[in-house]
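These are the residues of each chain, in order.
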Amino acid sequence: SDPAGGCAQSGEDAAPSSGSGVCKWFNVRMGFGFLSMTSRDGAPLEQPLDVFVHQSKLHMEGFRSLKEGEAVEFTFKKSSKGLESLRVTGPNGAPCQGSERRPKGAQKRRSKGDRCYNCGGPDHHAKECQLPPQPKKCHFCQSVAHVVANCPVKAQQQSSPGSQGTAASSRGEEEQGHAAPSPSS
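The shown structure was predicted, so the numbers you read here are calculated from the model rather than taken from an experiment. (Residues numbered from 1 in each chain as written. Predicted model: local features only at pLDDT ≥ 70, side-chain atom pairs only at ≥ 80, totals over all residues. Heavy atoms only, no water.)

Looking only at helices and strands, the chain has five helices and five strands in total. Moving toward the C terminus, one meets the helices and strands of the chain in the order α-β-β-β-β-β-α-α-α-α. Across the 185 residues of the chain, 23% fall into the buried class. Within the chain, contacts between residues separated by at least 24 positions form 43% of all contacts whose residues are at least 6 apart in sequence. Accessible area of the chain: about 12900 Å², with a carbon and sulfur share of 54%. (Helix = DSSP H or I, 4+ residues; strand = E, 2+ residues; numbered from the N terminus. Buried < 20%, exposed > 50% of the residue type's maximum accessible area, 1.4 Å probe, protein only. Contact = heavy atoms within 4.5 Å. Areas by Shrake-Rupley, 256 points an atom, 1.4 Å probe, with all protein chains shown as cover.)

Here it is as C-alpha cells:
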C-alpha cells in the first residue's frame, strides 16, 4: 500500500490546489511578495502557510500589486521554491485591490540628456532639486540674462549663413554712411 500511497500523493500535487488568505507582504518595486494562506481547498489551516506570489499572476487591470492584509483567493502549486501561486484574485474571483504604492520609476524613464531646469544639474528633475528656486537660466547657453526663447547664441546657431547677414548688413550700412565722405575728401 505504501507505493500506491506515493502515487496518489504525487498525482494530487500535479493538480493545482486552491487557497484563500491575505497578502502577507508585497514589494511593488520587485513585483513579488507572499500570501498568508489561512485555508486550503476550503478547509481552514491551523497554521497559515506562506505562498509565493508574482505580479504576473494577479488578476487585475493596470499596474499589478497587492496591498498588505488584502483578502485573496488563489490557486497554487508546490514548486522547488515551496508553494507558488498560479492565479490570484480578490474574494469570489473579483480583481485584486492592489497597493496604492507605486515604484519610484523615474530612474528608468530618465534619458542621459535630462537636466534639472532649476539648477542645470544632471540626474534629477526640478521637482526633485534640493536647491531653492534658482534664477531662470537659458537652457541653451546657461546665461541668467534671458531664457532659451530669447537666446541670441541659439538664434545665431539656428539661422542659416544667409539670414545672419541681416543684423550685420544694417550695421554695415551705418558704417558705410559715416565712411562714405572720406574717400572723396
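What follows is about the UniProt feature "domain: CCHC-type" (unreviewed entry) in the chain. The residues that UniProt annotates with the feature "domain: CCHC-type" (unreviewed entry) are residues 115-129. For residues 115-129, the helix share is 0%, the strand share is 0%, and the end-to-end C-alpha distance is 10 Å. (UniProt positions renumbered as here; feature names shortened; annotations may be inferred.)

Before going further, it helps to examine the pattern of salt bridges. Enumeration over the complete set of coordinates arrives at three salt bridges. Across the pair Lys24 and Asp50 runs a salt bridge, and its minimum N-O distance is 2.9 Å. Linking Lys24 in strand β1 (residues 17-27) with Asp50 in strand β3 (residues 43-54), this pair joins segments that are 26 residues apart in sequence. Relative accessible area serves as the criterion here: at 39%, Lys24 is assigned to the partly exposed category. The salt bridge partner of Lys77 is Glu84, with a shortest N-O separation of 4.0 Å. According to the relative accessible area criterion, Glu84 is buried, its value standing at 16%. (Salt bridge = Lys/Arg side-chain N within 4 Å of Asp/Glu carboxyl O.)

Any pair of aromatic rings gets described here by the distance separating the centres and the angle formed by the planes. Inspection of every chain in the model, using the stated rule, returns five aromatic pairs. Here Trp25 and Phe34 contribute two aromatic rings whose centre-to-centre distance is 5.6 Å and whose plane-to-plane angle is 50°, an arrangement assigned as tilted. Linked through ring pairs, Trp25, Phe32, Phe34 and Phe52 together constitute an aromatic cluster. (Phe/Tyr/Trp six-rings, centres within 6.5 Å; stacked < 30°, edge-to-face > 60°.)

So, about the nonpolar core. The tendency in soluble globular proteins is for nonpolar side chains to be buried side by side. One finds Leu35, Leu58, Leu66, Phe74 and Val88 to be the most contacted residues of the largest nonpolar core, which totals 16 residues. Counting only elements with at least two residues in this core, the list comes to β1, β2 (32-40), β3, β4 (71-79) and β5 (82-89). Residues contacting Leu35, with those up to four places away along its chain left out, are Val22, Cys23, Lys24, Leu49, Asp50, Val51, Val53, Leu66, Val72, Phe74, Ser85 and Val88. (Core = buried A, V, L, I, M, F, W, Y, C linked by side-chain atoms within 4.5 Å.)

A few words on the pairing of β1. Two strands pair when backbone bridges link them, and β1 and β4 are joined in this way by six bridges, in the antiparallel orientation. In the sheet register, Gly21 faces β4, and the bridge partner there is Val72. Pairing of β1 with β2, which is carried by eight bridges, proceeds in the antiparallel orientation. Each bridged residue has a counterpart across the sheet, and for Trp25 the counterpart in β2 is Phe34. With antiparallel pairing between neighbouring strands as the criterion, β1 and β2 make up a hairpin whose turn holds four residues, including Gly31 at a positive phi of roughly 80°. (Pairing = 2+ DSSP bridges.)

A few words now on the confidence of the model for the chain. Averaged over all residues, the pLDDT of the chain is 79; the fraction at 70 or higher stands at 72%. Under a pLDDT of 50 for its full length, residues 4-12 has, in the predicted model, zero contacts with residues more than four places off or in other chains. Throughout residues 163-175 the model reports pLDDT below 50, and contacts reaching past four residues in sequence, or to other chains, amount to two contacts. (pLDDT = per-residue confidence, 0-100.)

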